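Below, each chain spelled out in residue letters.
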Amino acid sequence: MLTYEEALARILAALPPLRSEQVPLAEAAGRFLAEPVVSTLDLPPFDNSAMDGYALRAADVASATAEKSVALRLIGQVGAGQVFKGGVGVQTCVRLFTGTPLPAGADAVVMQEDTHAEGDTVLVLDRARPWENVRLRGEDVKAGAVLVTPGTRLGAGHLGLLAAVGTARVRVARRPRVAIVATGSELRPPGKPLAPGQIYESNRTMLAAMLTACGAEVRPLPLVPDTLTRTRNALQRAFAENDAVVTSGGASVGQLDFVKAAFTELGGSQEFWKVAIKPGKPFVFGTLQGKLLFGLPGNPVSAFVTFLLLVRPALLRWQGATEVALPAHPGTLVESLVNRGDRRHFVRVRVDAEGRVHSAGIQASHRMHSLAAANALVDAPPATTLVAGATVRVLRIDGL
Ligand code: AMP
Ligand code: MG
């Protein structure tokens, strides 16, 4: 059986190329940048004032104090979006506002609070050092600088920066189209009454949320009863219309598990089946004409965990992401976590704001309450007890 690292490496090595596309900046949040963005502009684009106040020559007010103010002649005012026509000469000043261009001749701004204006005269009550309260052209960004590198997932801060240098469109990875095929004759969609022996189908909803968070375009497909023909037909349609297919259920050793057989009949190549992790051992990965099959176990917790450990990194890397691991930080166990098994156990835990780590509840892979309670996983090695008080790495699964 493959280790987790081997399984992930095989998946990442099998990713086919994914095209990029240009999108308006306003639609680029959460997308992965495909080429570097280089600034064509200095930022700020011109020297400007950091304060509401008066532009002046620092030398003129070098000795100003509240007791011994310096009087300057006010020669004009410049507002937002304007440029002062003249220049600031000896013993003169120009009123300006935060962000307005520094008039020629001035080399400092005294803030309004340190002045007293009377008609055309401005009494300056504090000294100014050269370039005080001036934001210099290019001090933030120099023209030609690389602002954001490829593989970055664009967040609000990136978008703000790119807009500030005048970027209207960016090249990003195309969103992979991913179908979700849920198998199981016992499954009914929520909203319909249940007959005896049936359960509500929950994996499509859960997986759709996680796929969307990974940047995929999600196509949930109709439920598939457990027959080889129905499974094959469903997969055929799913592969025809999408870049990847995520299945749930039907990947185990049962007589009613048809995903692998149906995939093989369609000409798919099963790259591996089974990974030495708990939950989620019967995970299957395959390729079919440059498309990917991620066959998840049907147990909701197993589907959830294998998605985060094996599918999420694949989808992120496919879109060029440089960072694909779950965000992690240290935490302190409040209670012991026991792994008696011979596989690594990714234990659902709840970590609080102080980094205290509690078990999220009973860990069986059909227990969904502990799934909802968890905000992190702890990787517990086989046949090991992680004792209360130990420092562990928590892998965050919230806010993804
Ligand atoms: P399977 O992997 O098909 O053997 O399913 C394992 C367990 O997960 C069974 O108890 C199924 O009823 C359950 N299960 C499978 N698929 C789903 C689903 N889409 N939603 C909720 N439970 C499921
Ligand atoms: Mg099943």
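Residues numbered from 1 in each chain as written. Chains lettered and ligands numbered in written order. Predicted model: local features only at pLDDT ≥ 70, side-chain atom pairs only at ≥ 80, totals over all residues. Heavy atoms only, no water.

Colleague: Break down the overall build of the protein chain for me, with residues and values.
Modeller: The helix and strand tally for the protein chain stands at seven helices and 28 strands. The C-alpha atoms of the protein chain give a radius of gyration of 31 Å, which is well past the 21 Å a tight globule of 400 residues would have. Projected onto its principal axes, the C-alpha coordinates of the protein chain cover approximately 95 × 50 × 40 Å. Considering only residue pairs separated by 6 or more positions, the protein chain has 68% of its internal contacts joining residues 24 or more positions apart. A total of about 18500 Å² of accessible surface is found on the protein chain, and carbon and sulfur atoms cover 53% of it. (Helix = DSSP H or I, 4+ residues; strand = E, 2+ residues; numbered from the N terminus. Rg over C-alpha atoms; globule rule 2.2 N^0.38 Å. Contact = heavy atoms within 4.5 Å. Areas by Shrake-Rupley, 256 points an atom, 1.4 Å probe, with all protein chains shown as cover.)

Colleague: Explain the sheet that holds strand β20 (residues 284-288) to me, using residue names and the numbers behind them.
Modeller: One open sheet holds the six strands; their spatial order is β16-β13-β17-β21-β20-β18, and the pairing between them is mixed. Pairing within the sheet leaves two strands with one partner each, and these edge strands are β16 (217-220) and β18 (269-273). The sheet shows a mean angle of 20 degrees between the axes of neighbouring strands, direction not considered. Across five bridges, the pairing between β20 and strand β21 (residues 291-296) is antiparallel. In the sheet register, valine 284 faces β21, and the bridge partner there is glycine 295. Those strands touched by helix α1 (residues 4-13) are β18, β20 and β21, and its axis lies near 160 degrees from that of β18. (Pairing = 2+ DSSP bridges. Axes fitted to C-alpha atoms, helices over the stretch in contact; angles between N-to-C directions.)

Colleague: Now, about the nonpolar core: what can you tell me, with residues and values included?
Modeller: Ranked by size, the top nonpolar core spans 51 residues in total, and within it Phe283, Phe294, Leu296, Phe307 and Leu310 carry the most contacts. Taken together, the elements giving at least two residues each to this core come down to α1, β13 (177-182), α3 (203-213), β17 (244-248), β21 and α6 (300-318). If near-sequence neighbours (up to four positions away) are discounted, phenylalanine 307 is found in contact with Leu207, Met210, Leu211, Cys214, Leu296, Arg312, Pro313 and Leu315. (Core = buried A, V, L, I, M, F, W, Y, C linked by side-chain atoms within 4.5 Å. Buried < 20%, exposed > 50% of the residue type's maximum accessible area, 1.4 Å probe, protein only.)

Colleague: Requested: an account of the sheet that holds strand β6 (residues 92-96), with residues and values cited.
Modeller: Spatially, six strands are ordered β7-β4-β6-β5-β9-β8 in an open sheet, and the strand pairing comes out mixed. With one partner strand each, in any of the chains shown, β7 (108-111) and β8 (115-118) form the two edges of the open sheet. Each adjacent strand pair in this sheet contributes to an overall mean axis angle of 35 degrees, direction not counted. Where strand β5 (residues 70-77) and β6 come together, four bridges link them in parallel fashion. Within β6, the residue paired with arginine 73 across the bridge is threonine 92.

Colleague: So what about the packing of α1 against α6? Which residues, and what values?
Modeller: For the pair α1 and α6, the least separation of the axes is 10 Å and the interaxial angle reads 30 degrees. Relative to α6, α1 is oriented roughly parallel. As α1 runs across α6, the sense of the crossing is right-handed. Along the contact surface, α1 presents Tyr4, Ala7, Leu8, Ile11 and Leu12, while α6 presents Leu309, Leu310, Pro313, Ala314 and Arg317. Class assignment of the residues belonging to the contact of α1 with α6 gives a composition of nine nonpolar, no polar and one charged. (Parallel < 35°, antiparallel > 145°, perpendicular 65-115°, else oblique. Left-handed = near helix turned anticlockwise from the far one by under 90°. Nonpolar A, V, L, I, M, F, W, Y, C, P; charged D, E, K, R; others polar.)

Colleague: Before we move on, can you summarise the site of ligand 1 with the specific residues and values?
Modeller: Taken together, 15 residues lie near ligand 1, and Glu186, Glu201, Ser202, Gly250 and Gly298 sit nearest. Here a nitrogen atom of ligand 1 and a side-chain polar atom of asparagine 203 are 3.4 Å apart. About the coverage of ligand 1: the protein hides 75% of its 480 Å² of free accessible area. Structurally, ligand 1 is housed in the largest pocket. For the shell around ligand 1, the per-class residue count stands at five nonpolar, eight polar and two charged. (Near = heavy atom within 4 Å. Polar contact = N/O pair within 3.5 Å; in protein donor to acceptor, adjacent residues only side chain to side chain. 1 Å grid on protein atoms, 1.4 Å probe; cavity = no way out; pocket = protein on both sides within 12 Å on 5 of 7 lines; lining within 4 Å. Sits in = over half its atoms within 2 Å of the grid points.)

Colleague: Give a description of the packing of aromatic side chains that names residues and reports values.
Modeller: In total, this model carries five aromatic pairs according to the counting rule given. Relative to phenylalanine 285, the ring of phenylalanine 272 lies with its centre 5.8 Å away and its plane at 35 degrees, an arrangement referred to as tilted. You can see phenylalanine 272 sitting in strand β18 and its partner phenylalanine 285 sitting in strand β20, a full 13 residues away along the chain. Grouping residues by exposure puts phenylalanine 272 and phenylalanine 285 together as buried. Joined through ring pairs, the aromatic side chains of Phe272, Phe283, Phe285 and Phe294 make up one cluster. Looking at lysine 260, its charged tip hangs above the ring of tryptophan 273, at a distance of 3.9 Å from the centre. One residue, lysine 274, lies across the ring of tryptophan 273, its end atom 4.5 Å from the ring centre. (Phe/Tyr/Trp six-rings, centres within 6.5 Å; stacked < 30°, edge-to-face > 60°. Lys NZ or Arg CZ within 6 Å of the ring centre and 35° of its normal.)

All quantities given are derived from atomic positions and should not be read as evidence of function.
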